[in-house]
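# Understanding the architecture of this molecule
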Amino acid sequence: MHGNRLWFAGLGLRRDCRAGELAALLAASCGEAGIEMRALHALACLDLRVSEPGLQDLAETLGLVLHALPARRLAAFNDRLSQHSPRIQARYGVGGIAEAAALASAAAGHTGAPPRLAVTRRQSAAATVAIAVRETAAVPSR
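Now for a description of the structure that goes with this document. On a predicted model such as this, the values are computed, not experimentally measured, just so you know.

### Some details on a positive patch on the surface
A grouping of R14, R15, R87 and R91 is seen on the molecular surface, where their side chains present a positively charged patch. You can see R14 is positioned in the loop between strand 1 (5-13) and helix 1 (19-33).

### Notes on helix 2 (residues 53-62)
Those residues of helix 2 lying buried are G54, L55, L58 and A59. Down the axis of helix 2, the sector holding all buried residues measures 135°, keeping them to one side. With respect to the buried face of helix 2, the exposed residues turned more than 90 degrees away are P53, E60 and T61. Packing partners of the buried residues in helix 2 comprise strand 1, helix 1, strand 2 (40-46) and strand 3 (65-69). One or two positions beyond helix 2, positive phi appears at G63, with a value near 70°.

The rules behind the values
Throughout, residues of each chain are indexed from 1 in the direction in which the sequence is written. Confidence filtering applies because this is a predicted model: local features only for residues at pLDDT of at least 70, side-chain atom pairs given and counted only at 80 or more, and all residues used for totals across whole chains, interfaces and linings. Note that the side-chain values use all heavy atoms of the structure and ignore hydrogens as well as water. Candidates for patches are residues over 30% relative accessible area with no salt bridge; among them, like charges are joined within 9 Å and nonpolar side chains (Val, Leu, Ile, Met, Phe, Trp, Tyr) within 5 Å. Using the Shrake-Rupley algorithm and a 1.4 Å probe, accessible areas are obtained, with residue cover drawn only from the displayed protein chains. The term salt bridge refers to a side-chain nitrogen of Lys or Arg lying within 4 Å of a carboxyl oxygen of Asp or Glu. Positive charges come from Lys and Arg alone, negative charges from Asp and Glu alone, with His and the N- and C-terminal ends not counted. Throughout, a charge is located at the NZ atom of Lys, the CZ atom of Arg, the CG atom of Asp or the CD atom of Glu. Helix numbering and strand numbering both begin at the N terminus, where a helix is a DSSP run of H or I of at least 4 residues and a strand a DSSP run of E of at least 2. Partly exposed describes any residue whose relative accessible area lies between the buried limit of under 20% and the exposed limit of over 50%, with all areas from a 1.4 Å probe on protein chains only and scaled to the type maximum. This arc corresponds to the set of directions leading from the helix axis out to the C-beta atoms. Contacts: residue pairs with any heavy atoms within 4.5 Å of one another.

This is the structure in structure tokens:
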């Protein structure tokens, strides 16, 4: 938690993307949001990628919960994405993975103001990252 805000990172990745590439992109995105990676509450990804070793390693290294979300849940956030990928839409039925995963994770179980994207989709060779934030008055448990 960072003040009265919870931060969530959504990650999209190609097969065999290494933890180091994910960590570097995530660190840069957190820096852009003005937070440290330790301020993150959770990571989120498309359920079809949750078993990727690089993603598992990253979550374990950071000590964060990794939310595996189905495409239909991500698609509920299509109208809130900063950009849409026709390739991702055709393949998974959602306009973008990282932003939708960040927003869906931040919105889970929350009834207050909707979360917002603090950092829109950022990309490396094999990964994408976005960061969502939600306001909260309660102290969460991880």
